[in-house]
Amino acid sequence: MKLRPAAATEAPGSMLTHLQRLEAESIQILREVVAECEKPVMLYSIGKDSAVMLHLAMKAFYPAPPPFPLLHVDTTWKFRAMYEFRDAMAKKLGMDLLIHINQEGVDQGIGPFTHGSQVHTDVMKTQGLKQALDKYGFDAAFGGARRDEEKSRAKERIFSFRSAQHRWDPKNQRPELWSLYNTRKHKGESIRVFPISNWTELDVWQYIHLESIPIVPLYFSAKRPVVERDGSLIMVDDDRMPLKPGEVPQMKMVRFRTLGCYPLTGAVESEADTLPAIIQEMLLTKTSERQGRVIDHDSAASMEKKKQEGYF
Amino acid sequence: MAHQSDLIGSDIEAYLKVHQHKSLLRFITCGSVDDGKSTLIGRLLYESKMIFEDQMIALEADSKKDGTRGAEIDFALLVDGLAAEREQGITIDVAYRFFSTERRKFIVADTPGHEQYTRNMVTGASTADLAVVLIDARKGLLTQTRRHSYLVSLLGIRRVVLAINKIDLVGYSQEVFNTILADYKAFAAQIGFDEITAIPMSAAYGDNIIEHGPNMPWYKGPVLMEHLESVDVTDLGANSPFRYVVQWVNRPNLDFRGFAGQIVSGTVRPGDKIRVLPSGRTSQVARIVTADGDLPVAVAGQSVTLTLTDEVDVSRGDVIAAVDDPPVVADQFQATIVWMHDDALLQGRSYLMKIGARTVTATVMPIKHKVNVNTLEQLAAERLELNDIGVCELALDQPITFEPYAKNRDLGGFILIDRLTNNTVGAGLLEFELRRSQNIHWQALDINKTARGILKGQKPVILWLTGLSGAGKSTIANVVERKLAALGRHTYLLDGDNVRHGLNKDLGFTEQDRVENIRRVAEVSKLMIDAGMIVLVSFISPFRAERRAARALVEEGEFIEVFIDTTLAEAEKRDVKGLYKKARSGELKNFTGIDSAYEAPESAEIRIDTALTAPDAAADRIISYLRDGGYLGRL
């Protein structure tokens, strides 16, 4: 980790910067969960938000390693570069990495090309997540969601309760005051905890830059084979992608603003191959980061519906 | 998202440097329904260029479909998130929104104007540095304005922006503005703010949000964004004495023992002398450990890990403080409570109380008064309903380290949690400790409960018989006591009816009185088992919460719940005392089973089905349970 003297040490008594306050808040949240919950886990999606969350966990418990495992709910359709990065990170940090794949979904041959984004996401991601939580009996799961991502997220608590059936009830959320989190729950119930709730996309990028946090190379621009479908640039990441007649992958300078299953994640044409260039592009761009994700377009309030059903 | 900085395009590294040193302002917006809160926030997001093109397109489409502004863009739709709310056309929960400018990052809590949602406002205010109170210029000060301003002040916010909105609808009138401001100042004098900045504006059209615009040449004050960017929020906490809440003890190996936590006020340096509370032990800070290296100094707001020079006992929930200026440790307080749940707060009931990193049991002593938040009048009360605010005394089962809320939010703010449902049911602010709590300490005695029990050849225990009136509790308790006496064991039987003749003569049968009735009996039983007795309690005790509270008073294994299970029909048929008949005729109110609930035990140690078991056999079952549990010593 890079040695970075905090602003407060440069000028004692001066105010903390916004990033220092966000970092301190996230660390306080991570520690509360570890102190009060029986079996926490960190959901690791390999993206930039997960990278920041993991970095904060390394800080929160230093010099001890984070006292919980990482869990990756694998849809089997992630970019190859994500799998490589995931395994390298777990090895480098010496953390336990649990990988769960919804075997029923695999047996039924569920995939984004054959079943569409909705069915694929529900079976491989939402159902897979529930299976994994039940299998290991985790009572608290950290997720890297942020309130600025989407309207229904803006109203979610930092500690979000799920029934024994993993359902979220937006009308019945516990009030959350100061930094006091009520972690009490009945047997079978669980909590999703979002330590970076109050971070924005810009905060995340700035922090990655400032702290030199490793991220998947797909965020940086490079020549990659893509085809254009319904206005999105989809990368041909492996030979499972069926090409339509006449469709020929083109090598283009592209990068990804968010990462997910490769058939569902649109690339953007870009020359940005450094962090400052990515941030610059993000600040100048005119479309929001979730637009690259196909799942959000399915229906109005779609995220809220998914969350009630147990999606993160 | 075109941040209005030329640096982005020309020198991104320089831009990042500027933004790295931004400060953070958290504020809440409050006001009545339709004052334009959501519109104002939507406008701030729009003006600070936080809205992307795809979001704008979606907004334009949504405005046509769900909007309340006809063909124009309805900024409120940007922030009204949940589907249910969209249908109703109102905001119903707290939403957090983010935007940033060159100088600051802002977190906005959008809180609802509905009367029944006071709890959400209190939630939003708890983390805010400043409040924007919206007023509809056409309507002036409303009941809601007063309520919200009072709540904002109660939660410790000292800076207010009075946003006099919809000024376009009163012809941009300076006179209207002045009248509202004067009204507000007269009201605010009662609740005390350090600073009130009034700004006339139109959130829908943008006047005085970012720029003054042409419509109000008479207004020379700051526009909203300019004020939010420049208002001083230097945390006074930095100049207060050092306080540190220990969240987690970090012991990765035998050589390292660190205390992970957050500084809630003051500063700390290695070498500082400190005191650990509540134990009072002193030591010195050895290191301020972080993953980025040890720090020479840390300030309020930072999460760090401290190590000490001595091997003193420190655990989660302890407070590490400046040695010569420590906070107070006490177990009885006066507090203001905001009730947040449908089930009322009752005098005498106990709740879990979380403060800092400690969770204790708090029992509600007399409620002194509740506050009419519209008039600030004090009213007598025996209970607090949803959204009521009251002042009461709290007695804790163990001492805590605290500071008055007005001085320190983190050591003075607490939440109350229901033991059964685990819901957060209330929030509170500690005001001061009660004198008596400092002076009455437990006297450590040489002869203790175990010693007294051994003398009597038994393990002291409470047998708590619960069930409907007429179930046969007293009959069975009586047989059990006779049999135990025959075995030479020392017992005492507390009977509901008998206790009500003396100790609880002043109590009736309302819900509060029933709670208090059980609290007293539980305390008496606790003293008796301390005397080494086997205590039989024969009480209807209809509420799970009170039985659980009684159980919590004593140690594990000292409380045996015996459910005397009879159907209501059977108990009513017996009606030994003629009470069911009276209850049915309405002569007797709040009678358990008729017009007051009986909550059957979910996991009683012993359940006696009186349809299948005669009193003598029931007594034998209870005795053999005692024998098997080793309560009766050697027989």
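Just so you know, these numbers come straight off a predicted model, no measurement behind them.

Asker: So what exactly am I meant to see when it comes to the overall build of chain B here?
Answerer: Looking only at helices and strands, chain B has 19 helices and 28 strands in total. Each of the 635 residues in chain B was classed as buried or not, and the buried ones make up 56%. For chain B, the proportion of contacts with a sequence separation of at least 24, taken over those separated by at least 6, is 72%. About 26,300 Å² of surface is accessible on chain B, with carbon and sulfur atoms providing 49% of the total.

Asker: Where do I start with the pairing of strand β1 (residues 23-30) of chain B in this structure?
Answerer: Residues and elements named next belong to chain B. Within β1, 8 of the 8 residues are buried, which leaves it mostly tucked inside the rest of the structure. In this sheet, strand β3 (residues 104-110) lies alongside β1 in parallel orientation, the contact comprising 7 bridges. Its bridge partner being in β3, Arg 26 is matched across the sheet by Ile 107. Here β1 runs beside strand β4 (residues 130-136); their pairing, made up of 4 bridges, is parallel. Looking at the pairing, Cys 30 lines up with Val 133 of β4.

Asker: When you look at the confidence of the model for chain A in this model, what are you seeing that I'm missing?
Answerer: If pLDDT is low for a region, its predicted coordinates should not be looked at in detail. Residue and element names in this part refer to chain A. Summing up the model confidence of chain A, the mean pLDDT is 87 and the portion of residues at 70 or higher is 86%. Within chain A, helix α1 (residues 7-10) has the poorest average pLDDT of any element, 37, and strand β1 (residues 40-43) the best, 98. Low pLDDT, under 50, characterises residues 1-13; the predicted model gives this stretch 36 contacts beyond four residues in sequence or across chains. Below a pLDDT of 50 lies the segment residues 295-301, which in the model reaches 15 contacts outside its immediate sequence neighbourhood of four places, other chains included.

Asker: Hey, could you run me through the side chain of A:Thr200 in this one?
Answerer: Mapping A:Thr200 onto the fold places it in the loop between β6 (190-193) and α7 (201-211). If we ignore the near neighbours within four places in the chain, the residues touching A:Thr200 are A:Arg146, A:Asp148, B:Phe98 and B:Lys105.

Asker: Could you clarify how one ought to interpret the packing of aromatic side chains in this entry?
Answerer: One pass over the structure, following the stated rule, counts 26 aromatic pairs over all chains. Summarising the aromatic geometry, the rings of B:Phe177 and B:Trp218 are spaced 5.4 Å apart at their centres and angled 50 degrees between planes, so their arrangement reads as tilted. Highlighted residues: B:Phe177 in helix α8 (residues 174-188) and B:Trp218 in the loop between β6 (195-200) and α9 (224-230), separated in sequence by 41 residues. Accessibility classification places B:Phe177 together with B:Trp218 in one group, the buried group. Over the aromatic face of A:Phe161 sits the side chain of A:Arg174, whose NZ or CZ is 3.6 Å from the ring centroid.

About the cut-offs
- Residues numbered from 1 in each chain as written.
- Chains lettered and ligands numbered in written order.
- Predicted model: local features only at pLDDT ≥ 70, side-chain atom pairs only at ≥ 80, totals over all residues.
- Heavy atoms only, no water.
- Helix = DSSP H or I, 4+ residues; strand = E, 2+ residues; numbered from the N terminus.
- Buried < 20%, exposed > 50% of the residue type's maximum accessible area, 1.4 Å probe, protein only.
- Contact = heavy atoms within 4.5 Å.
- Areas by Shrake-Rupley, 256 points an atom, 1.4 Å probe, with all protein chains shown as cover.
- Pairing = 2+ DSSP bridges.
- pLDDT = per-residue confidence, 0-100.
- Phe/Tyr/Trp six-rings, centres within 6.5 Å; stacked < 30°, edge-to-face > 60°.
- Lys NZ or Arg CZ within 6 Å of the ring centre and 35° of its normal.

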